[in-house]
Amino acid sequence: MSSLKISASVLALTAISATAAVARDNVQVAGSSTVLPYASIVAEAFGENFDFPTPVVESGGSSAGLKRFCEGVGENTIDIANSSRPIRESDIALCTENGVNDIIEVRIGYDGIVFASQIDGPAFTAFEASDIFNALGEKVLVDGAIVENPHTQWADFNAELPAADILAFIPGTKHGTREVFEDKVLLQGCEDTGAMEAMMAGGMSEDDAEDACISVRGNGITVDIDGDYTETLARVDSNPNGIGVFGLAFYENNTDSLKVATIGGVEPKTETIASGEYPVSRPLFFFIKKAHIGVIPGLKEFAEFFISNDIAGPSGPLSDYGLVSDPELSATQDAVANEDTL
């Protein structure tokens, strides 16, 4: 064991001993439902291949996981937060307020957000961002004017889409998925239809217009899902006209019941995400509480195992579940090995 690791361990032990006399013997992880299947696979493999207990992995959403992560330092707090979005300044401020000062950022790869529906339901097979905005936006552009969304069926604004009632199950505000859904789908669609330009021409500031663009209609047409993708799947299963927003990995594990739509003519798959061709994708992360390294058994070993070439590389098992390997994975491996912090 290197002197650097010993030194870090001593500092961590000092920090944690103030709140707990005996450390846990297993790694505890919580956060993103998108990262959950990956983390669960790695945790099981880690428990089978190392002399450490299998890490405990929970879901709950990116923001909820980071909130738990930032509760403080000690064996009664989690060691790792999974996230489908970058950490925010507000997250870091909360961490700092509670004494979580050293955070290691780990980008594990990329995932794509997909729009999927019942495999035998209406032919929802090809969308543009403008279609999603016209269906779900609270206010849209009709005949040159910004109006309350009047559309009830997809064919109302695009004759190539099914004459089926609009119903969408979208990620709730607790999910990192919601942010990329808003920025890369709703906002893009708002711009593509000319609605954002019309809003600004009508006197809105750019910030106000962006807020209006990502505001979705209610009345049961759009339904926020605060749980994980299993809840979204259950809603789609019970609603033939329903469209759900899923992570690529989750969809690929449920192709027996779901079909996926292209976005901008591009099918979501690992190749199109890795190349950047598919327009709706984002990086996935987990964040490590450095003060727990050397105190919680197996924490650093688990992190290094997670991002090893054998696990997160292009031919690793996570690729079978939709994770697109990070071209800069080796840099991430070095950062974890060196315990580099934000």
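Residues numbered from 1 in each chain as written. Predicted model: local features only at pLDDT ≥ 70, side-chain atom pairs only at ≥ 80, totals over all residues. Heavy atoms only, no water.

**Student:** Before we go on, may I ask you to explain the overall build of the protein chain in this structure?
**Tutor:** Within the protein chain one finds 14 helices and 13 strands. In summary, the protein chain has a C-alpha radius of gyration of 22 Å against a globular reference of 20 Å for 342 residues, a match within 12%. Taking the principal axes of its C-alpha atoms as reference, the protein chain extends roughly 70 × 45 × 35 Å. Counted over contacts in the protein chain with a minimum sequence separation of 6, partners at least 24 positions apart contribute 74%. Total accessible area on the protein chain is roughly 14500 Å²; 47% of this is exposed by carbon and sulfur atoms. On the protein chain, the mean spot of the 19 positive side-chain charges and the mean spot of the 53 negative ones are 5 Å from each other. (Helix = DSSP H or I, 4+ residues; strand = E, 2+ residues; numbered from the N terminus. Rg over C-alpha atoms; globule rule 2.2 N^0.38 Å. Contact = heavy atoms within 4.5 Å. Areas by Shrake-Rupley, 256 points an atom, 1.4 Å probe, with all protein chains shown as cover. Lys, Arg positive; Asp, Glu negative; His and termini not counted. Charge placed at Lys NZ, Arg CZ, Asp CG, Glu CD.)

**Student:** Sorry, what's going on with the side chain of glutamate 182 here?
**Tutor:** As for its placement among the helices and strands, glutamate 182 is situated in helix H6 (residues 176–193). Excluding residues that lie within four positions of it along the chain, glutamate 182 makes contacts with Leu187 and Ile214.

**Student:** Looking at this structure, I do not really get the state of the cysteines. What am I missing?
**Tutor:** In protein chemistry, a disulfide is the covalent bond that joins the sulfur atoms of two cysteines. For the structure shown, the criterion picks out two disulfides. Here the disulfide map of the protein chain reads 1-2, 3-4, the bonded cysteines being numbered as they appear in the sequence. (Disulfide = S-S within 2.5 Å.)

**Student:** Can you walk me through empty space enclosed by the protein in this structure?
**Tutor:** Think of a ball as big as a water molecule: rolled over the atoms, this probe shows where empty space is left. Taken as a whole and assessed by the stated rule, the structure comprises two cavities of 30 Å³ or more. Empty space within the largest cavity amounts to approximately 40 Å³. For the largest cavity, the full set of lining residues is Pro171, His175, Ile225, Gly227, Tyr229, Thr232 and Val245. Of the residues assigned to the lining of the largest cavity, the class counts are four nonpolar, three polar and no charged. Approximately 30 Å³ is the volume found for the second largest cavity. Around the second largest cavity, the lining residues are Ser33, Thr34, Pro37, Asp111, Tyr229, Gly247, Leu248, Ala249 and Phe250. Here the lining of the second largest cavity takes three residues from helix H10 (residues 248–252), the largest share from any one element. (1 Å grid on protein atoms, 1.4 Å probe; cavity = no way out; pocket = protein on both sides within 12 Å on 5 of 7 lines; lining within 4 Å. Points joined across faces, edges and corners; volume = space filled by probe spheres on them. Nonpolar A, V, L, I, M, F, W, Y, C, P; charged D, E, K, R; others polar.)

**Student:** Sorry if this is basic, but what is going on with the packing of helix H2 (residues 36–49) against helix H12 (residues 299–306) here?
**Tutor:** The geometry of a pair of packed helices is captured by two quantities: the angle between their axes and the separation between those axes. Viewed as axis vectors pointing N to C, H2 and H12 meet at an angle of 120°, and their least axial separation amounts to 10 Å. By the angle between their directions, the pair H2 and H12 is classed as oblique. Regarding H2 and H12, the two cross each other, and that crossing is right-handed. Facing Tyr38, Ala39, Val42, Ala43, Ala45 and Phe46 of H2, the residues of H12 in contact are Glu301, Phe302, Phe305 and Phe306. Partitioned by chemical class, the residues of the contact of H2 with H12 number nine nonpolar, no polar and one charged. (Axes fitted to C-alpha atoms, helices over the stretch in contact; angles between N-to-C directions. Parallel < 35°, antiparallel > 145°, perpendicular 65-115°, else oblique. Left-handed = near helix turned anticlockwise from the far one by under 90°.)

**Student:** How should I be thinking about the pairing of strand S4 (residues 103–118) in this particular structure?
**Tutor:** The side chains of a regular strand alternate, first on one face of the sheet and then on the other. Within S4, 13 of the 16 residues are buried, leaving the element largely enclosed by the surrounding structure. Both S4 and strand S13 (residues 281–289) contribute to a ladder of nine bridges, which runs antiparallel. Across the sheet, the residue bridging to tyrosine 110 is proline 283, located in S13. In the sheet, S4 pairs with strand S10 (residues 243–247) via five bridges, with the strands oriented antiparallel. Paired with valine 114 across the two strands is phenylalanine 246, which belongs to S10. With three bridges joining them, S4 and strand S11 (residues 258–260) adopt antiparallel strand pairing. Bridged to serine 117 within S11 is lysine 259. (Buried < 20%, exposed > 50% of the residue type's maximum accessible area, 1.4 Å probe, protein only. Pairing = 2+ DSSP bridges.)

**Student:** Just to check I follow, could you spell out the packing of aromatic side chains for this structure?
**Tutor:** The geometry of an aromatic ring pair comes down to the distance between the two centres and the angle between the two planes. This model, assessed by the stated rule, comprises 16 aromatic pairs. These aromatic residues form a ring-pair network of at least three members: Phe46, Phe50, Phe52, Phe286, Phe302, Phe305 and Phe306. Its guanidinium or amino end placed over the ring of phenylalanine 69, lysine 289 lies 5.0 Å from that ring's centre, counting from NZ or CZ. (Phe/Tyr/Trp six-rings, centres within 6.5 Å; stacked < 30°, edge-to-face > 60°. Lys NZ or Arg CZ within 6 Å of the ring centre and 35° of its normal.)

**Student:** Teacher, can you tell me more about a negative patch on the surface here?
**Tutor:** Together, Glu128, Glu191, Asp192, Glu206, Asp207, Asp208 and Asp211 give the surface a local cluster of negative charge. Taken together, the elements giving at least two residues each to the negative patch come down to H6 and helix H8 (206–213). Per element, the largest residue contribution to the negative patch is four residues, and it comes from H8. Topologically, aspartate 207 is positioned in helix H8. (Patch = residues over 30% accessible without salt bridge, like charges linked within 9 Å, V, L, I, M, F, W, Y side chains within 5 Å. Salt bridge = Lys/Arg side-chain N within 4 Å of Asp/Glu carboxyl O.)

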